[in-house]
Amino acid sequence: MELFIAVLVLLVLIGLSNILNRFVPFIPVPLIQIVLGVAIALLPAGVHLRLNPELFFVLFIAPLLYNDGKRTPRHELWNLRAPILLLALGLVFVTVVVAGYAIHWLIPTIPLPAAFALAAILSPTDAVAVGAMAGRVHLPKSIHRLLEGEALMNDASGLVAFKFAIAATVTGVFSLAQASFSFILIAIGGLLIGALLSFLLIRLGAWIRRLGMEDVTIHMLLQILTPFVIYLVSEEVGVSGILAVVAGGIIHAIERDRTESVQLKMQVVSASTWSVILFILNGLVFVILGVQIPDVLSTIFENVSFDNLQVLGYVGLISVLLLVLRFVWIYLFWKGNENSGEKSSSGKPRFKEITIITLSGVRGAVTLAGAFSIPYVLQDGSPFPERDLIIFLAAGVILFTLIAASVFLPILAKNEEKAEEGTPQTTERKAQDIMLNAAIRAVKSEMNDQNKAAALAVVSELSKYIRQAAGELTAGKRKDILKQETAINLIATRAERKEIEKMMNENIIASEAAFRCNSWLDRKEMMLANRTNTQMMFSLSEIGRVFGHVFTNRSQKPDQPFMIENADLFRQVKMRTSEAAIKAIRANMNDNNRIVALSVISRYERVIAKLRTWNQGKTEDPFDQEKLELQMVAMQEQRNTIQQLYENGEINREVAAKLRRFINDVEATALKNT
């Protein structure tokens, strides 16, 4: 019961941290979560959790790295393979050697193998912390991908080096050749086993689906279990579980892109479920880190054999040494690349960019979990030398790098092109334009063959809001839009006529039916040419009635069987003419008429969607539900964009509140109309 209450308290702190971040956006969420963790641990009846390194890695690191491997663009990582490997492998081993000797020289009571162990566990950057920092300060894309790739790979190299350094400390035996061979075996083995297990689990899901078991719950459970199974099996075999889950995530992404599953519900549930899981796990990592800090600090601060100021000085010196090593390594890499005449995939960074990459090397919970895994005694039964001090130094470096990144990264990564000064109204209009365009991109990313009509309708509405915000819908502009719509409708109508003639030539419809259709299209085209204010939806309804008269003989009795056959032909004609109209509109679409053209296309797409559901025997129109779901996606994206603009200082609290009220009004209208 005590553990259950502790977990509930930690979950509450995660929610509280995000609420606090709304009021102090200049402080990153990870730091707020660490502070809350420290605060709850310092309370008299506070939370005290003993960190189990093995459980921590499998419960937190495995699913987080699996997700990172799944979502990180593979082609971008491949293009950055040289700098990633040099950071993830080369820099790790340089850090182990240089920092190891420096720590032993600075603190002689820490034996050289133990100093190597401390340097090894300090060498990898934390993928969770890097993601939190990079997402907050909007790093340049190439730098962001470089840091992601480094964080995915250097955990394995750092932990393997840490493992051998600890073994050397405990046993007093170390072989460089054996360590190098073991590292290659562990790394390659982890990648291969992770890829194989991921592939087998994906095949298992496909096999279950072939049995007719389309239950989303079962497939979602299989997805959730995948990173844990991969990590545990890999570690049991003796290879890197961390690299295994990264490889498993990459294979999952490849298979997803290759198959493009049509199970839309599964995709929606998967995205929603993983977003909740990742939100909780990311938050728990930093809150648990904060909970551990008071115990770690008190162990040293309450020990009279340690000079507190001197120990804090050790933390500062080691942290600065790690940053200097990272800076020099990155600088030498690009300098050597420039001298060799080769062009790096990540480009040639300036001093500012090198500094950004250096400060982004944040240490996190992986470092602390590794430090806690140090054994208490050596092989001969004597205590592990300076274990408490090593854990303290690891925690101190974590805090130092987090704080340094939080303070300096926003300054360095700030956009060089400062926003022009303007009135609050100008700032609000620009912010509204940004958030609406972000919503349009979000809706387009969700668009597929099933919801295309609804997506285009939502995009058309958002585009209308953009024009209204920009003050473009003046009387003159409305007249121009009407002209554009008339011209596009004429193009669509002529395309429908050609398609009807084509269907007549193919003997799909009789000449009499084609004549009746063309007569109606002639009348419609004449009305459009005369700029009569005829709405497209009315026209589409009218054509339905005309087709009904064409394909039903009123002289016959109502119970004649050919009515059903004509209904099928009616659907076929309308679908083909609508598709022809869409094709013609797209062929004539340009930057000037794009918005109006998409609006007309959305109407045709809705007609097609209705006919498809009719053809499948469905009585309800899914258009409204699909449109509502996409509207919710658009509104959530707008809210996220507003918060991001507020955190970046581009808008103030008043403008943010006004824009949120605008979204709430739109949301209320959308829900009311369902």
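Residues numbered from 1 in each chain as written. Predicted model: local features only at pLDDT ≥ 70, side-chain atom pairs only at ≥ 80, totals over all residues. Heavy atoms only, no water.

### What about the overall build of the protein chain?
When its secondary structure is counted, the protein chain shows 25 helices and 0 strands. A separation of at least 24 residues holds for 78% of the contacts in the protein chain among residues at least 6 apart in sequence. If you sum the accessible surface of the protein chain, you get close to 34100 Å²; carbon and sulfur atoms cover 61% of it. (Helix = DSSP H or I, 4+ residues; strand = E, 2+ residues; numbered from the N terminus. Contact = heavy atoms within 4.5 Å. Areas by Shrake-Rupley, 256 points an atom, 1.4 Å probe, with all protein chains shown as cover.)

### Points about the pattern of salt bridges
Close approach of charged atoms allows side chains with opposite charge to pair. Under the counting rule described, the total for this entry stands at 1 salt bridge. Between Arg576 and Glu499 there is a salt bridge; the shortest N-O distance is 2.7 Å. A residue pair is termed long-range when its members are at least 10 positions apart, and Arg576 in helix 22 (residues 562–587) and Glu499 in helix 19 (residues 475–505) qualify at 77 residues. (Salt bridge = Lys/Arg side-chain N within 4 Å of Asp/Glu carboxyl O.)

### Remarks on the side chain of Gln638
Note that Gln638 resides in helix 24 (residues 623–647). Leave out the neighbours within four places in its chain, and Gln638 touches Met435, Leu436, Ala439, Leu462, Phe662 and Ile663.

### Quick notes on the nonpolar core
Counting 111 residues, the largest nonpolar core has Phe56, Ile110, Leu118, Leu122, Leu389 and Leu393 as the members making the most contacts within it. Among all residues touching Leu122, those that are not within four sequence positions of it are Ile318, Leu322, Arg363, Thr367, Ala394 and Val397. (Core = buried A, V, L, I, M, F, W, Y, C linked by side-chain atoms within 4.5 Å. Buried < 20%, exposed > 50% of the residue type's maximum accessible area, 1.4 Å probe, protein only.)

### A word on the packing of aromatic side chains
Taken as a whole and judged by the stated rule, the model has 5 aromatic pairs. An angle of 75° between the planes, with centres 6.3 Å apart, marks the rings of Phe56 and Phe57 as edge-to-face. Given a relative accessible area of 4%, Phe56 falls into the buried group. Taking the centre distance of 5.5 Å and the plane angle of 70° together, the rings of Phe301 and Phe392 count as edge-to-face. Residue Phe301 is located in helix 12 (residues 264–301), and its partner Phe392 is located in helix 16 (residues 387–412); the two are separated by 91 residues in the primary sequence. A residue is classified by how much of its surface remains accessible, and Phe301, at 34% relative accessible area, is partly exposed. You can call Phe392 buried: its relative accessible area is 1%. One aromatic cluster is present, built from ring pairs that chain together Phe56, Phe57 and Phe60. If you follow Arg387 out to its NZ or CZ, it ends over the ring of Tyr376, 3.9 Å from the centre. (Phe/Tyr/Trp six-rings, centres within 6.5 Å; stacked < 30°, edge-to-face > 60°. Lys NZ or Arg CZ within 6 Å of the ring centre and 35° of its normal.)

### Some details on the packing of helix 1 (residues 2–23) against helix 2 (residues 29–42)
Packing of helix 1 against helix 2 leaves a shortest axis separation of 9 Å and a crossing angle of 135°. Taken together, helix 1 and helix 2 sit at an angle that is classed as oblique. Crossing geometry of helix 1 relative to helix 2 is assigned as right-handed. On the side of helix 1, the interface is formed by Val9, Leu13, Ile14, Leu16, Ser17, Asn18, Leu20 and Asn21, while helix 2 contributes Val29, Ile32, Gln33, Leu36 and Ile40. Here the residues of the contact of helix 1 with helix 2 are counted per class, giving 9 nonpolar, 4 polar and no charged. (Axes fitted to C-alpha atoms, helices over the stretch in contact; angles between N-to-C directions. Parallel < 35°, antiparallel > 145°, perpendicular 65-115°, else oblique. Left-handed = near helix turned anticlockwise from the far one by under 90°. Nonpolar A, V, L, I, M, F, W, Y, C, P; charged D, E, K, R; others polar.)

### Observations concerning the environment of Val459
Along the chain, Val459 falls in helix 18 (residues 452–469). You can call Val459 buried: its relative accessible area is 5%. Sequence separation of Val459 and Ser599 is 140 residues, and the distance between their C-alpha atoms is 8.3 Å. Setting aside anything within four residues of it in sequence, one finds Val459 in contact with Ile440, Val443 and Lys444.

### Remarks on helix 3 (residues 53–71)
With 19 residues, helix 3 extends 26 Å from end C-alpha to end C-alpha; this agrees with the ideal 27 Å at 1.5 Å per step. Roughly 35° is the biggest bend found in helix 3, and it falls at Ile61, with proline Pro63 one to four residues downstream. Of all 19 residues making up helix 3, 15 are buried, and the element is well covered by its neighbours. (Expected span 1.5 Å × (residues − 1). Bend = angle between axes of the 7 residues up to and from the residue.)

### Points about the side chain of Thr95
Examined against the element boundaries, Thr95 turns out to sit in helix 5 (residues 81–106). With near-sequence residues (within four places) excluded, Thr95 lies in contact with Gly100, Ala119, Ser123, Leu322 and Leu325.

### A closer look at helix 1
The first and last C-alpha atoms of helix 1 sit 32 Å apart over 22 residues, in line with the 32 Å expected at 1.5 Å per residue. Turning to helix 1, its buried residues number three or more, namely Ala6, Leu10, Leu13, Ile14, Ser17 and Asn21. In a view along the axis of helix 1, the buried residues occupy a sector of 105°, so they form one face of it. Residues of helix 1 that are exposed and angled more than 90 degrees away from the buried face: Val12 and Phe23. (Arc of directions from axis to C-beta.)

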